[in-house]
Each structure stands twice: as C-alpha cells, then as structure tokens.
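Structural overview
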Amino acid sequence: MAASQQGNSAALVVNIANIPDEGLAFQTEVTATPLQLPPTTEVELSTPVQVRGWLTKVTEQVYFQGTVRGTLAVACSRCLDIIHSDFTAEMRVVYLPPSTRLQIEGEEGVDAEEVLDLYMHDGTTLDLRPPVHDNVLLAFPVQPLCRPDCAGLCQVCGGNRNEVLCTCQETEGDPRFALLKQLHFLRRREDE
Ligand SMILES: [Zn+2]
Ligand SMILES: [Zn+2]
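So, here is what we can say about the structure in this document. Source: prediction; values computed, not measured. (Residues numbered from 1 in each chain as written. Chains lettered and ligands numbered in written order. Predicted model: local features only at pLDDT ≥ 70, side-chain atom pairs only at ≥ 80, totals over all residues.)

**Structural notes on unusual backbone geometry**
Its identity as a non-glycine residue notwithstanding, Gln36 has a phi of 50°, on the positive side. With respect to the helices and strands, Gln36 occurs in the loop between strand S2 (24-30) and strand S3 (43-45). The exposure class assigned to Gln36 is exposed, which follows from the 11 C-beta atoms found within 10 Å. Positive phi is not limited to glycine here, since Leu80 has a value of about 70°. Structurally, Leu80 is set in the loop between strand S5 (61-75) and strand S6 (82-96). (Helix = DSSP H or I, 4+ residues; strand = E, 2+ residues; numbered from the N terminus. Buried ≥ 20, exposed ≤ 12 C-beta atoms within 10 Å, placed from the backbone.)

**Here we look at the environment of Ala75**
For Ala75, the location among the structural elements is in strand S5. What Ala75 contacts, discounting residues up to four positions off in sequence, is Glu42, Leu80, Asp81 and Ile82. (Contact = placed C-beta atoms within 7 Å.)

**Quick notes on the pairing of S5**
Within a regular strand, side chains alternate between the sheet's two faces. Two elements, S3 and S5, share three bridges in a ladder whose sense is antiparallel. Paired with Val43 across the strands is Val74, a residue of S5. Sheet topology note: the strand S4 (residues 49-58)/S5 ladder contains nine bridges and is antiparallel. Residue Gly53 lies in a different strand from S5, and its bridge partner there is Gly66. Between S4 and S5, which pair antiparallel and follow one another directly, the connecting turn spans two residues, one of which, Thr59, has a positive phi of 45°. In this sheet, S6 lies alongside S5 in antiparallel orientation, the contact comprising 14 bridges. Note that in S6 the partner of Tyr63 across the bridge is Val94. (Pairing = 2+ DSSP bridges.)

Honestly, it's all geometry; don't read function into it.
Okay, here's the thing in structure tokens:
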C-alpha cells in the first residue's frame, strides 16, 4: 500500500490521533477514482469533489460535520445534451469505535451501518470515502432536464427539437394521437 498507488484516496483518510481536543478543520479535493462510483455512461463528475468540514473527537467517537460539493456531467433525459449540474450536500457523520459495533449487534440485534450517517473507525484512522461516496450518489439526478420545457428529440429523424423544427409526422409515438385513440375508444363504448 504505497502512497503512490493509492492516488489521492489517502486524502479522505484521517488519523484520529491528529485530531486535537478543540477539533480539526478539514478540507480536501478528490477525483472520482478513489470514491469508486459505479461506472455509468450517463453521469460522471466533471470536476473533483470538494470536501470540507470540521472533525471533533469525543472520547472514542469522532464527528464530522461539513459539506461535499462538485459538478456532475449528465445527459438530459429528453434531448441527451450534456448538462453540468452543481451539487452541494450537507454531511453529518458519526464514527463509532470498533467495539461499539459488537455491542450494538450483540445487545440489540441492529447492524449499526444500516443507520444513516453512522460509520465505524478502526481505532486508528477514519475513512471519509464511504459517506462522501454515498452523498455523491444521492446527488445523481434521476431525470435530468437541460431546461424544464426541453422539447426532446424527434422520434422520426432524431433531430433535437430545441434546435431544429422538423416537419416529421409522429403517428406512432406521439402522445396526442394516443389520447385521440383513447377518446375514440371511449366514444365507441358509449355508443354501444
Ligand atoms: Zn434537453
Ligand atoms: Zn423530425
């Protein structure tokens, strides 16, 4: 585990002994690689992720309060244009010592990691990658739009209707025709 092989992933690993009683300001930047985000062609980080906040140690527990921010490059769900979407997520994380896990699991039958924003440190270091990873994933937009009224792509010629006004007749996929068909169907049923 040489430092050079880790890339900049070590930037999110904090030595607990380095956190003084009065707390520690934390600020760093990481690329997507150490965050091990799922490989996807639809969303990627267009800038490094900035993590900043404050670490506090109370006996064996460590708290991190801060923000993670970055920019995602994502395709518009209608016209497939690339949008750059900024995100900022608040992070409130509690790191429990390794002994707590056994206690919680043993006494209450609860897996501590299933509780949101609760993570474990190993007694020596804490790893901010899992909570940063989770917060970046939560920032992925489900149905991104380049603008609320994006006209999308023509289903016949594939042209971007935000840019080109084509005269294609969309008989198959046009929702207006589907609605007309439905109206005809309802009228026929009333006639019977
Ligand atoms: Zn669009
Ligand atoms: Zn067209």
